[in-house]
Number of protein chains: 2
Amino acid sequence: MKFSPALQSLIDALRVLPGVGPKSAQRMSLHLLERDRDGAATLAHALEDAVQRIGHCRRCRNFTELELCELCIDGKRDAATVCVVETPGDVLAIEHSGSFRGLYFVLMGHLSPIDGIGPADIGLDLFQERVVEDGIAEVILATNPTVEGEATAYYLTEMLLPLGVSVSRIAHGVPLGGELEFVDGSTLAHALTGRRPVNPL
Amino acid sequence: MKFSPALQSLIDALRVLPGVGPKSAQRMSLHLLERDRDGAATLAHALEDAVQRIGHCRRCRNFTELELCELCIDGKRDAATVCVVETPGDVLAIEHSGSFRGLYFVLMGHLSPIDGIGPADIGLDLFQERVVEDGIAEVILATNPTVEGEATAYYLTEMLLPLGVSVSRIAHGVPLGGELEFVDGSTLAHALTGRRPVNPL
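Residues numbered from 1 in each chain as written. Chains lettered and ligands numbered in written order. Predicted model: local features only at pLDDT ≥ 70, side-chain atom pairs only at ≥ 80, totals over all residues. Heavy atoms only, no water.

**Describing the pairing of strand 5 (residues 138-141) of chain A**
Residue and element names in this part refer to chain A. Judged by which residues are buried, strand 5 turns out to be covered on both faces: E138 and I140 on one side and V139 and L141 on the other are all buried. Note that strand 3 (residues 78-85) and strand 5 share 4 bridges and pair parallel. The partner of C83 across the bridge, within strand 5, is I140. Of the strand pairs in this sheet, strand 5 and strand 6 (residues 166-169) are connected by 4 bridges, and their pairing is parallel. For L141, the partnering residue across the bridge sits in strand 6 and is R169. The parallel pair strand 5 and strand 6 is bridged by helix 6 (residues 147-160), and the resulting crossover is right-handed. (Buried < 20%, exposed > 50% of the residue type's maximum accessible area, 1.4 Å probe, protein only. Helix = DSSP H or I, 4+ residues; strand = E, 2+ residues; numbered from the N terminus. Pairing = 2+ DSSP bridges. Right-handed = clockwise from strand over helix to strand, strands pointing away.)

Okay, here's the thing in structure tokens:
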């Protein structure tokens, strides 16, 4: 015996959420149906809306409903300095630290040959074009201090130095093996201030 | 600075799920947008469908898309024996134990005067009518062995005994303070077999 078909479909559908197993999905479904049908309807609408409208910014690849995201069209930002991060959450974390006034480039991942993720998959061809066309003077590499993040930073360094761009890596005040978006603002501010130039190899 | 409006709405909407805080909601949103847009669309559809179509069975109050649920229209069940449980999850747990062939009555909660939940809110007026009209011979009380569950069982006993119905409580093989739906099948089977009649007070 199972739950009724519509209920079972909801339980199965909730499993797409990371960290939600069969028991949690069941608990969530019963909670929504018993106590928060309005919330469930709102969530359904928000999901549909997000899937339909959210795309990537043409310049920095961050999530946005517009063609260019709010940061990229903000004339007060320093367009000659670009910070490269792995995820939209990283952008938010750096913005919260209040210590960066340039623009971003969001990789939406990192190089990972094992998973078949190469330079084009994280938009590095686009980024190379942008660096040349927009006359970017400095690139700050803020990928995560993990094996893949370091490899991505190394690849970017190799790609950018021949273009005559100043390349730096945020200081490792960020704990090794950690995730950038969960670090507190002042540690991030420290890491941004203490960045050091990357020497050609 | 925040995420783009549609993304922020999605993060806020995910907070309706029990056990999901701001960080989890952010992680879930970014995961869905980056890696599982199809899953997100399916979830949106399942939520809408569930909210629109799932109601309560007219006889047992369990969740169903039909007027009467699958168990209530199953002619092979013993309609003279009714097991009273708190939630739809409890029905599933007892069905999985394979030791009960009667019908159910789902309270969708328990008596809780502090939260303003009285007998009518858990359908006890409907249940009293049903016991008389359907000629129910035995009622098994399988509410949770918590303070509220015990109080609900006590109230039901007081209500049913004057109607000449045999009333029993499942044996407390179920660990005290626990939740019925998370108990394994054999413990539940034991509890059902070891039920004892409730004496008039």
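**Details of the relation of the copies chain A and chain B**
Taken as rigid bodies, chain A and chain B are interconverted by a rotation of 180° and an axial shift of 0.0 Å, the fit giving an RMSD of 0.0 Å. On this basis, the relationship between the two copies can be described by a two-fold rotation axis. When each C-alpha of chain A is compared by its distance to the rotation axis, A44 of chain A comes out closest, at 2.1 Å. A high fraction, 100%, of the interface residues of chain A reappear at the interface in chain B, so the copies pair face to face through one surface. (Least-squares fit on C-alpha atoms with pLDDT ≥ 70 in both. Contact = heavy atoms within 4.5 Å.)

**With respect to the interface of chain A and chain B**
On the chain B side, the residues contacting the 55 residues of chain A number 55 residues. Interface of chain A and chain B: buried area, both sides summed, is about 5000 Å²; carbon and sulfur atoms make up 73% of it. Where chain A touches chain B, the interface holds 0 salt bridges. Remark: the boundary between chain A and chain B carries 10 residue pairs in polar contact (both at pLDDT 80 or more). The set of elements that each furnish at least two residues to the side of chain A that touches chain B consists of helix 1 (5-14), helix 2 (22-35), helix 3 (37-53), strand 2 (63-64) and helix 4 (88-97) of chain A. Broken down by element, the residue count for the side of chain A that touches chain B peaks at 14 residues, all from helix 3 of chain A. A per-class count over the side of chain A that touches chain B returns 32 nonpolar, 10 polar and 13 charged. (Buried area = accessible area lost by both parts, 1.4 Å probe. Salt bridge = Lys/Arg side-chain N within 4 Å of Asp/Glu carboxyl O. Polar contact = N/O pair within 3.5 Å; in protein donor to acceptor, adjacent residues only side chain to side chain. Nonpolar A, V, L, I, M, F, W, Y, C, P; charged D, E, K, R; others polar.)

**Quick look at the environment of N199 of chain B**
All names here are of chain B. In this fold, N199 is placed in the segment after strand 7 (196-197). Note on N199: relative accessible area 57%, which makes it exposed. For N199 and S168, which are 31 residues apart along the polypeptide, the C-alpha to C-alpha distance reads 9.1 Å.

**What about unusual backbone geometry?**
Not every positive phi belongs to a glycine, and R61 of chain A is a case in point at roughly 70°. Residue R61 of chain A is classed as buried on the basis of its relative accessible area of 16%. Backbone geometry places M108 of chain B, a non-glycine residue, at a positive phi of 55°. Locating M108 of chain B in the fold gives a position in the loop between strand 4 (102-106) and helix 5 (124-133). Overall, the relative accessible area of 15% leaves M108 of chain B in the buried class.

**Focus: the state of the cysteines**
All names here are of chain A. By the definition in use, this model includes 0 disulfides over all chains. Left without a disulfide partner, C57 is nearest to the cysteine sulfur of C60, which lies 3.7 Å away. Its relative accessible area of 2% is what places C57 among the buried residues. Lacking any disulfide linkage, C83 is separated from the closest cysteine sulfur, that of C60, by 11 Å. For C83, a relative accessible area of 0% corresponds to the buried category. (Disulfide = S-S within 2.5 Å.)

**Thoughts on the nonpolar core**
Within the largest apolar cluster, 93 residues are counted, with the highest numbers of intra-cluster contacts made by L17 of chain A together with L17 of chain B. Excluding residues that lie within four positions of it along the chain, L17 of chain A makes contacts with L14, L17, M28, L32 and L43 of chain B. (Core = buried A, V, L, I, M, F, W, Y, C linked by side-chain atoms within 4.5 Å.)

**Here we look at the sheet that holds strand 3 (residues 78-85) of chain B**
Residue and element names in this part refer to chain B. Sheet architecture is open: 5 strands sit in the order 4-3-5-6-7, paired in mixed fashion. Each edge of the open sheet carries a strand with a single partner, namely strand 4 and strand 7. Packing of helix 4 (residues 88-97) onto the sheet brings it into contact with strand 3 and strand 4, and relative to strand 4 it is tilted by some 160°. Helix 5 rests against strand 3, strand 4 and strand 5 (138-141) of the sheet, and its axis sits at about 155° to strand 4. (Axes fitted to C-alpha atoms, helices over the stretch in contact; angles between N-to-C directions.)

**Notes on the packing of helix 1 of chain A against helix 2 of chain A**
All names here are of chain A. Between helix 1 and helix 2, the shortest axis-to-axis distance is 8 Å and the interhelical angle comes to 125°. When the axis of helix 1 is compared with that of helix 2, the two are oblique. For the crossing formed where helix 1 meets helix 2, the hand is right-handed. In contact with L7, L10, I11 and L14 of helix 1, helix 2 contributes P22, A25, Q26, M28, S29, L30 and L33. (Parallel < 35°, antiparallel > 145°, perpendicular 65-115°, else oblique. Left-handed = near helix turned anticlockwise from the far one by under 90°.)

**Remarks on the domain arrangement of chain A**
Assigned domains of chain A: these are domain 1 (5-53) and domain 2 (63-197). Each of domain 1 of chain A and domain 2 of chain A was reduced to a C-alpha centroid, and the two centroids are 34 Å apart. (Domains from an automatic or database assignment.)

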